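Read off the chains here:
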Amino acid sequence: MTGWEELASTALVGTDRRPYQGDLLDAAAVEVARRRAGRKTGAAAQQAPHAAGRGDGSSGASLEAQAAPVEERVAVGRRAAERLVRIMGGEHERLLPEWLAAAAATGRRVPPYVLPELLEKGRRDRSIRVHLGVLAGQRGRWLAGLNPAWDYLLEEPTGETWELGGAADRRAHLRTLRTADPAQARRLLESTWERETPDDRAEFVEVLADGLSMDDEPFLESALDDRRREVRQAAANLLTRLPGSRMSQRMAERARACVTISRKVIAVEAPQDCDKAMERDGIRPKPPRGIGERAWWLQQILARAPLSIWGHPPAALIKMKIPDWDAEVKAAWVRAAVLQKDPEWARAMFGWDPIADLLESLPADEQQKLAADFVKKHDLDSQLIMVLGGVSSHWREGLATAVLRKIVKVATRQPWNLGELVKLAGERIDPALFPLALSYSPVESVQQVAALLRFRADMYKELHP
């Protein structure tokens, strides 16, 4: 009987009737990994100890000689693991990222028997990988070394140091240090900057967004000369958030050359060309399809110019007449509010163009208040869904009530149109509010929201027993 047949037989009749030496679930996870990697299992591997070696990315040694390392973290509890299996099996599968984030926050790992399916999902969906380096534990990384399809895991953060870790570990280390001591984090990055790969340099620059200050300006200004466009763009985006930076002041001069405000009229003359100095400051010369060059250059200049140069409140500027380039100017102001994370401008521009990106510049309470007002005044359509999708979880009672009211209203007229709103409400409302949803209305769609909130409430309880 092969190793796989022995495992299957034992699983069917139970360990009471067929004792198994070792951990049955652990062994099953290993055999699944081997099969998915196209490798021999059990006794077959012993008969051909080198068959799973060179030629498929592994060393020439027998897999049987490769022992899984000892785990350092405790696994989540049985009920939590069972819920993870249910989610991966299709029960509220959109909750998988939330489960993974909540589990990673506990500092625990997943048990070995769920690893093959979880790693396979990570192979197909990059968005869930961020927490897998921790949750998969030592066993997960060992399995990833056996199966090339799962080797992406070896690039995810595990808690290693700046000197010894991979790219993801080093980003995580820099992010943590940036939170504690922004200046020290920048000095650490400067000390290794010339040795970093272009891809790593772009991602490391983005880490500096936390704790950003004028102390970072000289380093970011120098990054505008980097050979990699992504590095230059990342540096320009951060310098845009520093009104006193040299780049922001250069953009202010360009903006003043394009725009003149007199009384209640804004006169605009778009730039005639895009020179090398503009490109260095993050202006991309080639426009996207459907946008003219001059319009594209104008939008980028105004988006990167300090919002303080306009001399009027945004609510007043929006009401002024702009004879030429009206849409381009206002689109640029929206982009400026997003890039510069200016709450006053984000608030005003949301009234003109309610997009989710603007909400990120506002505190959570204000995000939810604006979204609740939008839900009350707006019909259910894709724009409402996008706005709600931009509001950070967990939604409190005000927004929750507004959404539940909208569901009840739409359920009487267009019940077929409620699918996404019901899912979003169940996934974003604070799960502690499930009694509110349960008692709000007997309408089936509301009860579906309540059931999903209860599912999430139980999920958090299992992860924090």
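Residues numbered from 1 in each chain as written. Predicted model: local features only at pLDDT ≥ 70, side-chain atom pairs only at ≥ 80, totals over all residues. Heavy atoms only, no water.

The helix and strand tally for the protein stands at 26 helices and two strands. Across the 465 residues of the protein, 48% fall into the buried class. Only carbon and sulfur atoms are counted for the fraction: they give 50% of the accessible area of the protein, which is about 23300 Å². (Helix = DSSP H or I, 4+ residues; strand = E, 2+ residues; numbered from the N terminus. Buried < 20%, exposed > 50% of the residue type's maximum accessible area, 1.4 Å probe, protein only. Areas by Shrake-Rupley, 256 points an atom, 1.4 Å probe, with all protein chains shown as cover.)

The next subject is unusual backbone geometry. Of note, the amide linkage connecting Ser393 to His394 takes the cis form, showing an omega dihedral of -5°. When you line up the elements, His394 lands in the loop between helix H22 (382-389) and helix H23 (397-411). With phi around 65°, Trp325 is a residue other than glycine that occupies positive phi space.

It is worth spelling out the environment of Gly398 at this point. Its place among the elements puts Gly398 in helix H23. Using a relative accessible area of 52% as the deciding quantity, one classes Gly398 as exposed. Counting along the chain gives 26 residues from Gly398 to Ala372, while the straight-line C-alpha distance between them is 6.9 Å.

A few words on the packing of aromatic side chains. This model, assessed by the stated rule, comprises four aromatic pairs. Note on Trp193 and Phe219: the rings are 5.0 Å apart at their centroids and 80° apart in plane angle, and the pair reads as edge-to-face. Of this pair, Trp193 sits in the loop between helix H10 (182-192) and helix H11 (198-207) while Phe219 sits in helix H12 (residues 217-223); the two residues are 26 residues apart in sequence, bridging distant segments of the chain. Geometrically, the ring pair formed by Trp333 and Trp345 is edge-to-face, given 5.6 Å between the ring centres and 65° between the ring planes. Linking Trp333 in helix H18 (residues 326-340) with Trp345 in helix H19 (residues 343-352), this pair joins segments that are 12 residues apart in sequence. Of the two residues examined, Trp333 and Trp345, each falls in the buried class. Pairwise contacts between aromatic rings join Trp310, Trp333 and Trp345 into one cluster. When the ring centre of Phe455 is taken as reference, the NZ or CZ atom of Arg83 above it lies at 4.5 Å. Looking at Arg201, its charged tip hangs above the ring of Trp193, at a distance of 5.8 Å from the centre. (Phe/Tyr/Trp six-rings, centres within 6.5 Å; stacked < 30°, edge-to-face > 60°. Lys NZ or Arg CZ within 6 Å of the ring centre and 35° of its normal.)

A few words on the pattern of salt bridges. A complete count under the given rule lists 30 salt bridges for this structure. Residue Arg228 pairs with Glu230 through a salt bridge whose shortest N-O separation is 2.8 Å. Exposure remark for Glu230: the relative accessible area of 38% places this residue in the partly exposed category. Between Arg347 and Glu366 there is a salt bridge, and its shortest N-O distance comes to 2.3 Å. One end of the pair, Arg347, is in helix H19; the other, Glu366, is in helix H21 (residues 364-377), and 19 residues separate them in sequence. Taken together, the shared-partner salt bridges in this structure form one network comprising Glu221, Asp225, Arg250, Arg254, Arg280 and Asp281. (Salt bridge = Lys/Arg side-chain N within 4 Å of Asp/Glu carboxyl O.)

A few words now on the side chain of Lys121. For Lys121, the position within the fold is in helix H6 (residues 115-124). Buried within the structure, Lys121 lacks any salt-bridge partner; its nearest side chain of opposite charge belongs to Glu117, at an N-O separation of 4.4 Å. Not counting the four nearest positions on each side in its chain, Lys121 is found in contact with Met88, Leu96 and Ile128. (Lys, Arg positive; Asp, Glu negative; His and termini not counted. Contact = heavy atoms within 4.5 Å.)

Turning our eyes to something else, we now look at the side chain of Gln233. Mapped onto the elements of the fold, Gln233 is located in helix H13 (residues 229-240). Classification of Gln233 as buried rests on a relative accessible area of 18%. At 2.8 Å, the side chain of Gln233 forms a polar contact with the backbone oxygen of Gly282. Among residues more than four places away in sequence, those in contact with Gln233 are Gly282, Arg284 and Arg304. (Polar contact = N/O pair within 3.5 Å; in protein donor to acceptor, adjacent residues only side chain to side chain.)

Moving on: the pairing of strand S1 (residues 259-262). Both S1 and strand S2 (residues 265-268) contribute to a ladder of four bridges, which runs antiparallel. The residue bridging Ser262 from the neighbouring strand is Val265, located in S2. In sequence, S1 turns back onto S2 through a hairpin of two residues, with Arg263 there showing a positive phi of about 55°. (Pairing = 2+ DSSP bridges.)

Time to look at helix H8 (residues 137-146). The buried fraction of H8 is high, at seven of 10 residues. By the burial criterion, the buried members of H8 are Gly137, Arg139, Gly140, Trp142, Leu143, Ala144 and Leu146.

Ranked by size, the top nonpolar core spans 96 residues in total, and within it Leu388 and Ile407 carry the most contacts. With eight residues, H23 is the largest single contributor of residues to this core. Counting 33 residues, the second-largest nonpolar core is a separate cluster that includes Leu95, Leu115, Leu132 and Ala136. (Core = buried A, V, L, I, M, F, W, Y, C linked by side-chain atoms within 4.5 Å.)

Let us now look at H6. Of all the 10 residues making up H6, seven are buried; the element is thus mostly covered by neighbouring parts of the structure. Taken residue by residue, H6 has Leu115, Pro116, Leu118, Leu119, Glu120, Lys121 and Gly122 as its buried positions.

Residues at a pLDDT of 70 or more form 84% of the protein, whose mean pLDDT is 87. Here residues 39-65 scores under 50 on pLDDT; set against residues more than four positions off or in separate chains, the count is 41 contacts. (pLDDT = per-residue confidence, 0-100.)

At a minimum axis separation of 9 Å, H18 and H19 run at an interaxial angle of 135°. Relative to H19, the element H18 is oriented oblique. Note on packing geometry: the crossing formed by H18 with H19 is left-handed. Contact residues: Ala327, Lys330, Ala331, Trp333, Val334 and Ala337 in H18; Trp345, Ala346, Met349 and Trp352 in H19. A breakdown of the residues in the contact of H18 with H19 according to their chemical character gives nine nonpolar, no polar and one charged. (Axes fitted to C-alpha atoms, helices over the stretch in contact; angles between N-to-C directions. Parallel < 35°, antiparallel > 145°, perpendicular 65-115°, else oblique. Left-handed = near helix turned anticlockwise from the far one by under 90°. Nonpolar A, V, L, I, M, F, W, Y, C, P; charged D, E, K, R; others polar.)

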